[in-house]
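Each chain, letter by letter, is given below.
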Amino acid sequence: MKAVYKANRGKGIEIRDISIPKISKDEVLVKVKKAAICGSDIHLYEWNDWCENVNAKNPMVIGHEFCGEVVEAGDNVSSIKVGDLVAGETHIPCGQCNMCKTGKQHICQNMKILGVHTDGAFAEYVKIPEVCAWKLTKDTPPEIGAIYEPFAIAVHGVLKDKITGLSTVIIGAGPIGMFAVGVANFAGSSQIFVVDINDYRLDLALKMGEDIISINSGKENAVKIIREKTGGIGAEVVIELSGSVSGTKTGFEVVGKSGRVCLIGLHSKEVPLDLVNNVIYKETTIYGITGREMFDSWYLADKLIHSGKIDVKKVITHEFPLEETEKAILTAKEGNCGKVILNIS
Ligand SMILES: [Zn+2]
Ligand SMILES: [Zn+2]
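Residues numbered from 1 in each chain as written. Chains lettered and ligands numbered in written order. Predicted model: local features only at pLDDT ≥ 70, side-chain atom pairs only at ≥ 80, totals over all residues. Heavy atoms only, no water.

### Some thoughts on the sheet that holds strand β16 (residues 285-288)
And step 1. Strand order in the open sheet formed by six strands is β13-β12-β11-β14-β15-β16, and the pairing between neighbours is parallel. At either end of the open sheet lies a strand with only one pairing partner, and these are β13 (213-216) and β16. Between one strand axis and the next, the sheet turns by 15° as a mean value, whatever way the strands run.
And step 2. Two strands pair when backbone bridges link them, and strand β11 (residues 167-171) and strand β12 (residues 191-196) are joined in this way by five bridges, in the parallel orientation. Each residue of the ladder has a partner; that of I170, found in β12, is V194.
And step 3. Along the sheet, helix α7 (residues 199-206) contacts β12 and β13; its crossing angle with β13, the most-contacted strand, is approximately 170°. (Pairing = 2+ DSSP bridges. Helix = DSSP H or I, 4+ residues; strand = E, 2+ residues; numbered from the N terminus. Axes fitted to C-alpha atoms, helices over the stretch in contact; angles between N-to-C directions. Contact = heavy atoms within 4.5 Å.)

Here it is as structure tokens:
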């Protein structure tokens, strides 16, 4: 089969012919229809510090956001059958540890990530454990199936706590930020601010709801604008998706007293923060968000997508064939795009 292969710890990827994965009793083999480029695929393409920090496998097939049809199921697999259309949950839990046993499989003590620690989905076929296969309705367009995984991160982060009627700031207008705008808008945030330095992305984020206020923090003073527009008290909810030091700093400066900050964007190094003024005196609640809750976030994401009330299609802007994965990754990296899709079969 054709696969996007990371052969060594240098920059780049190649398209290679490799053998189709062999499944175990607890796994399914999926013929991938469409996949989506994620920020971590850019890290893997470049092979930067993040890859060493997370102990990424090398060599390997990259990619983890995907949708495809099950073509083979292991002997122990009971909930999924050949012919099912599935999306992949990328957190591979052990099923045995204290987190797995208490409903927190998504932060399993022995967690592996598809396409980071195991061979991934930018290939004609991928194998995943039964537990990671989310069954989709047959009429789900494969590109929508491929974005369930990142959409469900936005669902997890935005709906982590009360949101209706609260002023909400979304920092980082990448695809998950765009989804987060859609979810916050649907859930009834009273005001939604979206902050980024890329106008293309801000314009797309504006389309995910009504009366969204976009702020280009490269040109405008986000802290001043948000303070002014919230009557001087600051925002009640901040969703941090930029993973940048300045974005995170802005988030903690604009959160008002007794507000909350949800941290989702990944940083490659330690972040300096004024904890006394921005957390202790304000009594700020901080949530760390890793992926999706298994499977609360998936049920919610599924219902929201099916309701048609959040138009997730708007976030998809580019599509490339598997052979042009490098171009797709570079498009995502350059940033004048929403979600970039790979058309595989
Ligand atoms: Zn991802
Ligand atoms: Zn576990």
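### A few points about unusual backbone geometry
And step 1. In this model, N58 is joined to P59 through a cis peptide bond whose omega is -5°.
And step 2. Residue D211 is not a glycine yet carries a positive backbone phi of 55°.
And step 3. Here D211 lies in the loop between α7 and β13.

### Some thoughts on the pairing of strand β1 (residues 2-6)
The side chains of a regular strand alternate between both faces of the sheet.
And step 1. A large share of β1 lies buried, amounting to four of its five residues.
And step 2. Judged from the two bridges that link them, β1 and strand β4 (residues 60-61) form a sheet pairing that is antiparallel. Paired with K6 across the strands is M60, a residue of β4. (Buried < 20%, exposed > 50% of the residue type's maximum accessible area, 1.4 Å probe, protein only.)

### Section: the coordination of the zinc ion (ligand 2)
And step 1. Within the protein, the zinc ion (ligand 2) binds to C94 (SG), C97 (SG), C100 (SG) and C108 (SG); these donor distances fall in the range 2.3 to 2.4 Å.
And step 2. Coordination at the zinc ion (ligand 2) comes from four donor atoms whose angles at the metal span 100 to 118°, giving a geometry best classed as tetrahedral.
And step 3. What makes C108 buried here is its relative accessible area of 7%. (Donors = N, O, S within 2.8 Å, 3.2 Å for Na, K, Ca; no water. Tetrahedral: all angles 85-135°; square planar, octahedral: opposite > 155°, others 65-115°.)

### Focus on a nonpolar patch on the surface
And step 1. Among the surface-exposed residues, L273, L275, V276, I280 and Y281 lie close enough to one another that they form a single nonpolar patch of about 480 Å² accessible area.
And step 2. In this fold, Y281 is placed in the loop between α10 (275-280) and β16. (Patch = residues over 30% accessible without salt bridge, like charges linked within 9 Å, V, L, I, M, F, W, Y side chains within 5 Å. Areas by Shrake-Rupley, 256 points an atom, 1.4 Å probe, with all protein chains shown as cover. Salt bridge = Lys/Arg side-chain N within 4 Å of Asp/Glu carboxyl O.)

### A word on the pattern of salt bridges
And step 1. By the definition in use, this model includes 18 salt bridges.
And step 2. Residue R292 is joined to E89 by a salt bridge in which the shortest nitrogen-to-oxygen separation is 2.7 Å. One end of the pair, R292, is in the loop between β16 and α11 (296-307); the other, E89, is in the loop between β6 (85-88) and β7 (91-92), with 203 residues separating them in the sequence.
And step 3. Among the residues examined, R292 registers a relative accessible area of 1% and is labelled buried.
And step 4. Look at E89 and you get buried, because its relative accessible area is 0%.

### So, the sheet that holds β4
And step 1. The three strands lie next to each other as β2-β1-β4, forming an open sheet whose pairing is antiparallel. The sheet is open, and its two edges are formed by β2 (14-17) and β4, each paired on a single side.

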